[in-house]
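An overview of the molecular structure
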Amino acid sequence: MSAPLLPLFVKLAGRPVVVVGGGAMAALRVRQLAEVGARVTVVAPEVREEVARAAGAVVRRGFLPEDLDGAWLAVAAATPEVNRAVAAAAEARRLLVNAVDDPEHASAYTAGVVRRGEATVAISTGGRAPALAGLLREAIDAVLPRELGRWVELGEAERGAWKRGKVPLATRRPMLLRKLNALYDGAEPAPARAPGGFVSLVGAGPGDPGLLTRRAAERLAAADLVLYDALVDAELLRLAPRAHCFHVGKRAGRPSVSQRAIERLLIRGARRGQRVVRLKCGDPFVFGRGGEEALALAQAGVPFEVVPGLSSALAAPALAGIPVTHRGVAAGFAVVSGHAEATYGPLVDALPPTGVTLVVLMGVAARAALADRLRARGWSASTPAALLLGASSAEGFTWTGPLSALGEAPIPPERAHLPGTLVVGAVAALASAAHADHPAASARLA
Ligand SMILES: C[S@@+](CC[C@H](N)C(=O)[O-])C[C@H]1O[C@@H](n2cnc3c(N)ncnc32)[C@H](O)[C@@H]1O
């Protein structure tokens, strides 16, 4: 592998740049150079009209090494043979050379660029796969907020204030995020209402696009704006080709877009006449704050609908072969969040130690405390338990064992980032045996 490239943004305004070549390859680069204010001289025996128009000067003849004297950058956009000569002449003058579609003879590479005001994102494949850089550029363009330029202005103003106030570096990012959230926190005047605006609170299912409902796919296809959560599979965003997609997910232990700001974005989008999809993993009304968003929309008078999704509370056990109810074994199931013991504790304490299945979302980190609590409430140490990570994804991982071992259930480090669901109850003994139609299934329940 060759040495990594240093990404660098250079000022070429007013500086001489020589482009060797006058055809289609040269046309694009001459236009780009003219846009940033470079003084472009084109050298080629034949020069297309559009190249000549965009260039500052044209020399109609073959390339001579002295053409590069005094230039800040050379661009080789001719035949491989001429490009080689340009590269050699540039090297001799310690001049960087960009070779259009000829990475072998280049020492500087242009990037796919997404610009929003002063914010520039550049994508490079080191000149090896320009088409891929183009695709990445489109993907990044789709997810970057339109108003990024405004965010830069805010960031710049804040930076000045921080410097004056000697604000420590470590606190600057969370402070900026709070300021950005405030942009959508109602400080803005409500935009005039445009017709047609509508919000769909859509459940994305546990991850696998194959488990998305048809209605969810229809809403994505028609969407202008998609606000999606952290656990939503990025593959699903391909189903929304027209939409501007914006990640608003919570990021563990790090500041994220506030709930209030998300609600303001939904309302603002709809009032501007956009078809807005709020895409959440699983079902929007199962530990997804979908209820709060529905209330905020109703209060704002914004028309909306709920498109239910397949909750991981059901899908994760089902995909692992665990039926959450099973005749004679589990007459019902309870779904709780393991996020805060003060909240799930009283609910769990109220469950009988047999005849019911307990499903816990957001409980992987709290699995030891949960197991201890259940044991203290009379659940047998041998009660079957399961830990299901990344259900429906290719990386999916299942652990099963007795409740007494749940607290220590090992998680492979490379799977530690996956969302996980816990299942406790006799039905967990059916994991994989049931869906594999395994003869051990009935034995495990006996
Ligand atoms: C904030 S809750 C949202 C639940 C979601 N609304 C639902 O109905 O599935 C996130 C939790 O869902 C569970 N979860 C989501 N996707 C999962 C998956 N693919 N496999 C296992 N658990 C998952 C995990 O417990 C995760 O911590």
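Residues numbered from 1 in each chain as written. Predicted model: local features only at pLDDT ≥ 70, side-chain atom pairs only at ≥ 80, totals over all residues. Heavy atoms only, no water.

The protein chain goes by Siroheme synthase 1 in an unreviewed UniProt entry, where it is assigned to Anaeromyxobacter diazotrophicus. UniProt lists a comment for the protein chain under the heading Catalytic activity (unreviewed entry), and it reads "precorrin-2 + NAD(+) = sirohydrochlorin + NADH + 2 H(+)". In its Sequence similarities (unreviewed entry) section, the UniProt record describing the protein chain reads: "Belongs to the precorrin methyltransferase family." (UniProt positions renumbered as here; feature names shortened; annotations may be inferred.)

So, on to the overall build of the protein chain. What the protein chain contains, in helices and strands, is 14 helices and 17 strands. For the protein chain, the C-alpha radius of gyration of 29 Å lies well beyond 22 Å, the compact-globule estimate for 446 residues. C-alpha extents for the protein chain along the principal axes are approximately 90 × 55 × 50 Å. By the burial criterion, 43% of the 446 residues in the protein chain qualify as buried. Sequence separation of at least 24 residues holds for 60% of the intrachain contacts in the protein chain that already meet a minimum separation of 6. (Helix = DSSP H or I, 4+ residues; strand = E, 2+ residues; numbered from the N terminus. Rg over C-alpha atoms; globule rule 2.2 N^0.38 Å. Buried < 20%, exposed > 50% of the residue type's maximum accessible area, 1.4 Å probe, protein only. Contact = heavy atoms within 4.5 Å.)

The subject of this paragraph is the environment of Leu201. By the element assignment, Leu201 lies in strand β8 (residues 198–203). For Leu201, a relative accessible area of 0% translates into the label buried. Among residues more than four places away in sequence, those in contact with Leu201 are Leu266, Arg278, Pro284, Phe285, Gly290, Glu293, Ala294, Leu297, Phe304, Glu305, Val306 and Val307.

Next up on the list: the sheet that holds strand β10 (residues 244–247). Pairing is parallel in the open sheet, where five strands are placed in the order β10-β9-β11-β8-β12. Strands at the two margins of the open sheet, each flanked by one partner only, are β10 and β12 (304–307). Ignoring strand direction, the axes of neighbouring strands in this sheet form an average angle of 15°. Where strand β9 (residues 225–228) and β10 come together, four bridges link them in parallel fashion. In the strand pairing of β10, Val226 is matched with Cys245. Seen against the sheet, helix α4 (residues 130–143) touches β9 and β10 and runs at an angle of roughly 70° to β10. (Pairing = 2+ DSSP bridges. Axes fitted to C-alpha atoms, helices over the stretch in contact; angles between N-to-C directions.)

The final tally for this structure, using the stated rule, is 17 salt bridges. Note that Arg278 and Glu293 form a salt bridge whose closest N and O atoms lie 3.0 Å from each other. With Arg278 in strand β11 (residues 275–280) and Glu293 in helix α9 (residues 290–300), this residue pair connects regions lying 15 residues apart in the sequence. For Arg278, a relative accessible area of 2% translates into the label buried. A salt bridge links Asp349 to Arg377; the nearest nitrogen and oxygen atoms lie 3.9 Å apart. Of this pair, Asp349 sits in helix α11 (residues 341–349) while Arg377 sits in the loop between α12 (367–376) and β15 (384–389); the two residues are 28 residues apart in sequence, bridging distant segments of the chain. Look at Arg377 and you get partly exposed, because its relative accessible area is 45%. Linked through salt bridges whose partners overlap, the residues forming this network are Asp229, Arg278, Lys280 and Glu293. (Salt bridge = Lys/Arg side-chain N within 4 Å of Asp/Glu carboxyl O.)

Attention now moves to the site of the ligand. In the region of the ligand, 17 residues are neighbours, and Val286, Ser311, Ser312, Met362 and Gly420 sit closest. In this structure, Cys281 approaches the ligand through a main-chain N or O atom, which is 3.0 Å from a nitrogen atom. Residue Met362 places a main-chain N or O atom 2.8 Å away from an oxygen atom belonging to the ligand. Out of a free accessible area of 570 Å², the ligand has 89% covered by protein chains. Split into classes, the residues belonging to the shell around the ligand amount to ten nonpolar, six polar and one charged. Domain assignment of the residues forming the shell around the ligand places at least three in each of domain 3 (201–310) and domain 4 (313–445). (Near = heavy atom within 4 Å. Polar contact = N/O pair within 3.5 Å; in protein donor to acceptor, adjacent residues only side chain to side chain. Areas by Shrake-Rupley, 256 points an atom, 1.4 Å probe, with all protein chains shown as cover. Nonpolar A, V, L, I, M, F, W, Y, C, P; charged D, E, K, R; others polar. Domains from an automatic or database assignment.)

Residues Phe287, Leu310, Leu314, Phe333, Val335 and Met362 make up a contiguous nonpolar surface patch of roughly 490 Å² in combined accessible area. Take Leu314: it is sitting in helix α10 (residues 312–319). Note on Leu314: relative accessible area 38%, which makes it partly exposed. (Patch = residues over 30% accessible without salt bridge, like charges linked within 9 Å, V, L, I, M, F, W, Y side chains within 5 Å.)

What follows covers the confidence of the model for the protein chain. The predicted structure's coordinates, where accompanied by low pLDDT, should not be read in detail. Averaged over all residues, the pLDDT of the protein chain is 89; the fraction at 70 or higher stands at 93%. Ignoring residues within four places in sequence, the model shows residues 434–443, a span with pLDDT below 50, making eight contacts including any to other chains. (pLDDT = per-residue confidence, 0-100.)

Per the UniProt record, "active site" (unreviewed entry) is annotated on Asp229 and Lys250. A compact arrangement is adopted by the annotated residues: their sequence extent is 22 residues, whereas the largest C-alpha distance between any two is 7.2 Å. By the secondary structure assignment, Asp229 is in the loop between β9 and β10. The exposure class assigned to Asp229 is buried, which follows from its relative accessible area of 16%. The residues contacting Asp229, other than those within four sequence positions of it, are His247, Val248, Gly249, Arg278, Leu279 and Lys280. One can find Lys250 in the loop between β10 and α8 (259–271). Judged by relative accessible area, which is 45%, Lys250 ranks as partly exposed. When neighbours within four sequence positions are excluded, Lys250 is seen to be in contact with Ala230, Ser256, Val257, Gln259, Ile262 and Arg289.

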